[in-house]
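Tertiary structure, described
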2 protein chains.
Amino acid sequence: MNDVAAAAGVALKTVSRVVNDEPGVNAATALRVKAAIDRLGYRRNDGARTLRRGRTASIGLVIEDAADVFYSSLSRAVEETALHHGCLLFTGSSQEDAARERDLVLAFCARRVDGLIIVPAGTDHTYLAPEFEAGTRAVFADRPPGAGCEADVVLSDNAGGARAGAAHLIAHGHRRIAFLGDLPRIFTAAERLRGYREALAAAGLPYDEALVAMGPADPARLRADLARLLRAADPPTALLTGNGRTTVETLRALASITGSAPGATAGAFVEGACPGLGGLALVGFDDFELADLLGVTVVAQDPARLGRTAADLLFLRLAGDDGPVTRFELPTRLIPRGSGERPPPPRRDHP
Amino acid sequence: MNDVAAAAGVALKTVSRVVNDEPGVNAATALRVKAAIDRLGYRRNDGARTLRRGRTASIGLVIEDAADVFYSSLSRAVEETALHHGCLLFTGSSQEDAARERDLVLAFCARRVDGLIIVPAGTDHTYLAPEFEAGTRAVFADRPPGAGCEADVVLSDNAGGARAGAAHLIAHGHRRIAFLGDLPRIFTAAERLRGYREALAAAGLPYDEALVAMGPADPARLRADLARLLRAADPPTALLTGNGRTTVETLRALASITGSAPGATAGAFVEGACPGLGGLALVGFDDFELADLLGVTVVAQDPARLGRTAADLLFLRLAGDDGPVTRFELPTRLIPRGSGERPPPPRRDHP
DNA sequence: CTGAAAGCGCTAACAC
DNA sequence: GTGTTAGCGCTTTCAG
C-alpha cells in the first residue's frame, strides 16, 4: 500500500480510501491510484485489515466427515449462506473424534473466526467458555453441545422420525422389527433408538434387545449382526436402519447373505434379478442416492436445511441478536417406496 | 498478551516464548505465565501472528460443488493433507461459474493463503499472475488451467478411461455405442469424448454424431436425449455415460422409459423386478454408491487420490521445490459388474 | 478532499 | 534467562 501511495503520489490513507470505495476522494486522484494499483498488481491484505477491524469475516465449520453425503450437503448449505454474508469458510472433519473436534475448533478460534458451526463429536464443550467470553458465537448442528454449554442448536427430529419409521412397519403388520443403529454414544443414534422404542411401546409391542444391533456402519459388523438376527428362532420380519451408511451396507450385506452377492451376481441389474431383501421389509433413516430406483422406503432428513438453518441462526447472532438460546428441531419425512410396505410373511403358528 | 505479561509480572516477549514453546525460559517463570494464561483465558491471535511471520498456514480449495460426492472426496483428501501440514483449509464451490471461481480465488489470496488448489470452472487464469508474482502457489486439479497459466496440474486419464470403457463395449460385440457426456466446454467431458472417438477409430467403427448427446446431467434433458436415441432407426445397443451424475440420471431415465418408473414401481426392489436397462449395455464413467449392487460396470476415477496428489504437490512447492511445472495423470480402472458385459441383441439383418 | 500519527497483536532482531 | 525496540499492512482518529 505504501508502494502504491508512492507510485500515485498520494498518502497511504488515500489508497486505503480508494481500495475500500470510501467516499470523499477526488475522481482524478482515485483514477491515478487505481492505475498504480493495477500497475503494481497490488492486492489488499485482508489479514492485516481484519487485525485492525476486529472482525475476520470468516466462520469455521466442523463436521464429522466432509466425504459423507449428509455432511457435504450440510456443508454446502453453510458455505452458500456464508458467502452470501461476505464470509469465508474454514472447514474441518472431526472424524467422530472429540480431541480432533476440539483442536479444530480452537484452531479456528485462534484464527479469530467470527462464528462457529459445530457438529460435535465430543460431549464436553467447556473448552469453549473462554471463546464465548471473547465474543465468538457458536451454533451446534445435528447434535447438541455437551452439558454446561449454552449455545443454539439445530437438530432433526430424530426420535420422531424413527418413531414414524417403526410405526409405518407396525402399521403394515410387522411385530418383530429389528433396529440397526450407530454407536449409542452418538446423540442421533440414541434418539433414533428411543423413537423406535416409543413406537413399539405405543403399539403395545415388547422391546426385545436381541433385535437391536448398535455399532459403526462397518460391513463386517453388519453382516455378522444380520446373520445372527436372521438365524434366530424368532427372526425379525422387518428392519429399521439407523442412518444412510448403515442402510446401504445393510443392503450389501443382505445381498451377500441372500445369495445375490455383488461378485456372484455381477449381472444382477442386467438380468432383472435385483439383489433381494430376502423377504424382509425395510425402512431406512436418511434418504440416499438411488433409493428411489431401488424402491427403498426411507425417513428423510434435510441436511441442506439443517446447514442453512444453523448458518442463518449464526449470522443472526453475529448481527447482534442476543435473545435466549434456541433449539430448532426440523421435521423428517417418510417416503414410501415399496420396501417398507411389504407385509410380513404369514405366521406359521397361525396358519 | 500484554495482560498476561502484566498478570505474570514478565515482559511481553516472555509470554510469546511460552506460548510458542520456545526454549530458554525458566521453568518457574513459564509456569507462572501459563497460570496467568489459564486464568485470563488467553488465546494467541493467529491473525496477528501470520501478519508478522509472513505465512498464514492456510490454503484455499476451490471445487465445483462441495455437495457432489466426487468433489467432496477430493476435498476430504486435501483437508487431511493440509491438517497434516498444520494448515487450515478455506473451501468454496464455484458452481461451474468462472466469475465465482475467480472471486473465491482472489478472496483466498486476499487472505494471503499460502497456496491454492483449484478445480477450474473458467478457462482464463491470467488474473492469477499478480498472485504468482507475490509467491502464492497454485495446483490445478481435475482440469488444467487456461492457456498462459503455468501451474502444476493433476488430472485423471480421462481420454484413456473413456477409451477403455468404449473398447470394453466393443470387445463385447457392440457396434452402435451412444455417448452421453457433460457440456463439451468442460475439459473432462471433451477428453472423455475424445477417448470414446479414439476407441471407435481403433476398432474401425464410424463416428456417428447422432449417437452423441452432450449436456448437463439434467433429468429432463437426459430423458429426451435417451428417448430420441432409442427410437431412432438404428438405435444404440450400448451406452457410455460420461460422469457419475449422468450415469445415475440415465438409470432413472431408462427406468422411466422402459416402464419401471420410480413412481409406478415403487416396489421394484421388493418384487425382484429391478429397473431394467431395456436390453442396453452400459458402462459409466465414475464409480458411484451402490453401483456394485446394481451391477453397473464403471470406469472408476480415484477422487481422493486426485486430491491427495494435488495437495502433496502443493506442499512440496511450499517447501521450496522449484522444479519445472508438472502434469500428473492418474490412471482409471475399469470395474466389470455385468452391465458392460452384455452382448448386443442378435442383428435382424444377419439372422 | 487529503494526510499524519497511533495502534490492532504479534514476532524478529537484538540488547542486557 | 529475560526485556526492548521495531514493524508486519492495514484502519481509525483527528488535523489540516
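Model, not experiment: these values are computed from the prediction.

If you tally the helices and strands in chain A, you get 13 helices and 12 strands. Taking 2.2 N^0.38 as the reference for a compact globule, 351 residues should give roughly 20 Å; the C-alpha atoms of chain A span a radius of gyration of 27 Å, well beyond that estimate. Along the first, second and third principal axes, the C-alpha atoms of chain A reach 100 × 50 × 30 Å. Across the 351 residues of chain A, 54% fall into the buried class.

Attention now goes to the confidence of the model for chain A. Per-residue confidence for chain A gives a mean pLDDT of 91, with 93% of residues at or over 70. Taken as a whole, residues 261-275 of chain A scores under 50 in pLDDT and shows 39 contacts with residues more than four places along the chain or in a different chain.

With that out of the way, let us pick up the protein's contact with DNA strand C. Residues in close proximity to DNA strand C total 25 residues, the closest being Thr14(A), Asn26(A), Thr29(A), Arg52(A) and Tyr42(B). Here the atoms of DNA strand C within 4 Å of the protein split so that 63% fall in sugar or phosphate, with bases taking the remainder. Asn26(A) places a main-chain nitrogen or oxygen 2.6 Å from a phosphate oxygen of DNA strand C. Interatomic distance of 2.9 Å between a side-chain N/O atom of Ser16(B) and a phosphate oxygen of DNA strand C. Among the secondary structure elements, those contributing two or more residues to the surface near DNA strand C are helix 2 (12-19) and helix 4 (46-53) of chain A together with helix 2 (12-19) and helix 4 (46-53) of chain B.

Take the packing of aromatic side chains next. Remark: the centre distance and the inter-plane angle together describe each pair of aromatic rings, the angle taken between the planes. The tally for this structure, following the rule as stated, stands at 9 aromatic pairs over all chains. Between Tyr196(A) and Tyr207(A), the ring centres sit 6.3 Å apart and the planes meet at 70°, which makes this aromatic pair edge-to-face. Highlighted residues: Tyr196(A) in helix 9 (residues 187-202) and Tyr207(A) in the loop between helix 9 and strand 7 (212-214), separated in sequence by 11 residues. Looking at Tyr196(A), the relative accessible area reads 1%, which means it is buried. Seen from their ring centres, Phe179(B) and Tyr196(B) are 5.2 Å apart, and the 25° between their planes marks the pair as stacked. With a gap of 17 residues between them, Phe179(B) in strand 6 (residues 177-181) and Tyr196(B) in helix 9 (residues 187-202) connect regions that are remote in the sequence. As far as burial versus exposure is concerned, Phe179(B) and Tyr196(B) are alike and both buried. Following the ring pairs from residue to residue traces out a cluster consisting of Phe90(A), Phe108(A), Phe90(B) and Phe108(B).

Before going further, it helps to spend a moment on the interface of chain B and chain A. The interface of chain B with chain A comprises 67 residues on the first partner and 67 residues on the second. For the chain B and chain A pair, buried surface summed over both sides reaches about 6,000 Å², with 57% attributable to carbon and sulfur atoms. Taken together, chain B and chain A are joined by 16 salt bridges. Residues Arg111(B) and Asp46(A) are paired through a salt bridge, measuring 3.9 Å at the closest nitrogen-oxygen approach. If you look at where chain B meets chain A, you find 29 residue pairs in polar contact (both at pLDDT 80 or more). For the side of chain B that touches chain A, the secondary structure elements donating two or more residues are helix 4, helix 5 (69-84), strand 2 (88-93), helix 6 (98-110), helix 7 (129-133), helix 11 (244-257) and helix 12 (291-294) of chain B. A total of 7 residues in the side of chain B that touches chain A trace back to one element, the largest contributor, which is helix 5 of chain B. For the side of chain B that touches chain A, a count of residues per class yields 33 nonpolar, 17 polar and 17 charged.

The environment of DNA strand D is made up of 25 residues, and the closest members are Lys13(A), Tyr42(A), Asn26(B), Thr29(B) and Arg52(B). Considering the 4 Å shell around the protein, atoms of DNA strand D inside it are sugar or phosphate in 59% of instances. One of the backbone nitrogen or oxygen atoms of Asn45(A) is found 2.8 Å away from a phosphate oxygen of DNA strand D. At a separation of 2.7 Å, a base oxygen of DNA strand D approaches a polar side-chain atom of Arg17(B). Elements that contribute at least two residues to the surface near DNA strand D include exactly helix 2 and helix 4 of chain A together with helix 2 and helix 4 of chain B. Tallying contributions element by element places helix 4 of chain A first for the surface near DNA strand D, with 5 residues.

Here we take up unusual backbone geometry. All names here are of chain B. Although it is not a glycine, Glu 96 sits at a positive phi angle of roughly 60°. Tracing the backbone shows Glu 96 in the loop between strand 2 and helix 6. Within the chain, Asp 142 stands out as a residue other than glycine whose phi angle is a positive 75°. For Asp 142, the position within the fold is in the loop between strand 4 (137-141) and strand 5 (152-156).

All names here are of chain A. Here strand 3 (residues 115-118) shows a buried face lined by Gly 115 and Ile 117 and a second buried face lined by Leu 116 and Ile 118. Bridge analysis of strand 3 against strand 4 (residues 137-141) gives 4 bridges, and the strand direction is parallel. Across the sheet, Ile 118 pairs through a bridge with Phe 140, a residue of strand 4.

Below, the discussion takes up the domain arrangement of chain A. Residues and elements named next belong to chain A. In terms of domains, chain A is made up of domain 1 (2-44), domain 2 (56-156 + 303-331) and domain 3 (158-301). Taken residue by residue, the interface counts 12 residues in domain 2 and 8 residues in domain 3. Counting each side, the surface lost to burial between domain 2 and domain 3 is near 810 Å², with a carbon and sulfur contribution of 53%. The largest contributions to the domain 2 side of the interface with domain 3 come from Glu 96, Arg 143 and Ser 156, which together make up 44% of the buried area.

The next point concerns the sheet that holds strand 9 (residues 281-285) of chain B. Residues and elements named next belong to chain B. Taken together, the 6 strands give an open sheet; going across it, the order is 7-6-8-9-10-12, and neighbouring strands pair in mixed fashion. Edge positions in the open sheet fall to strand 7 (212-214) and strand 12 (333-335), since each of these has one partner strand only. Neighbour to neighbour, the strand axes of the sheet diverge by 15° on average, direction disregarded. Alignment of strand 9 against strand 10 (residues 297-300), held across 3 bridges, turns out to be parallel. Residue pairing for strand 10: Val 283 is matched across the bridge by Thr 297. Across the sheet, helix 8 (residues 158-171) lies against strand 6, strand 8 (238-241), strand 9, strand 10 and strand 12, angled at about 170° from strand 9, the strand it touches most.

Cut-offs used in this document
Residues numbered from 1 in each chain as written. Chains lettered and ligands numbered in written order. Predicted model: local features only at pLDDT ≥ 70, side-chain atom pairs only at ≥ 80, totals over all residues. Heavy atoms only, no water. Helix = DSSP H or I, 4+ residues; strand = E, 2+ residues; numbered from the N terminus. Rg over C-alpha atoms; globule rule 2.2 N^0.38 Å. Buried < 20%, exposed > 50% of the residue type's maximum accessible area, 1.4 Å probe, protein only. pLDDT = per-residue confidence, 0-100. Contact = heavy atoms within 4.5 Å. Near = heavy atom within 4 Å. Polar contact = N/O pair within 3.5 Å; in protein donor to acceptor, adjacent residues only side chain to side chain. Phe/Tyr/Trp six-rings, centres within 6.5 Å; stacked < 30°, edge-to-face > 60°. Buried area = accessible area lost by both parts, 1.4 Å probe. Salt bridge = Lys/Arg side-chain N within 4 Å of Asp/Glu carboxyl O. Nonpolar A, V, L, I, M, F, W, Y, C, P; charged D, E, K, R; others polar. Pairing = 2+ DSSP bridges. Domains from an automatic or database assignment. Axes fitted to C-alpha atoms, helices over the stretch in contact; angles between N-to-C directions.

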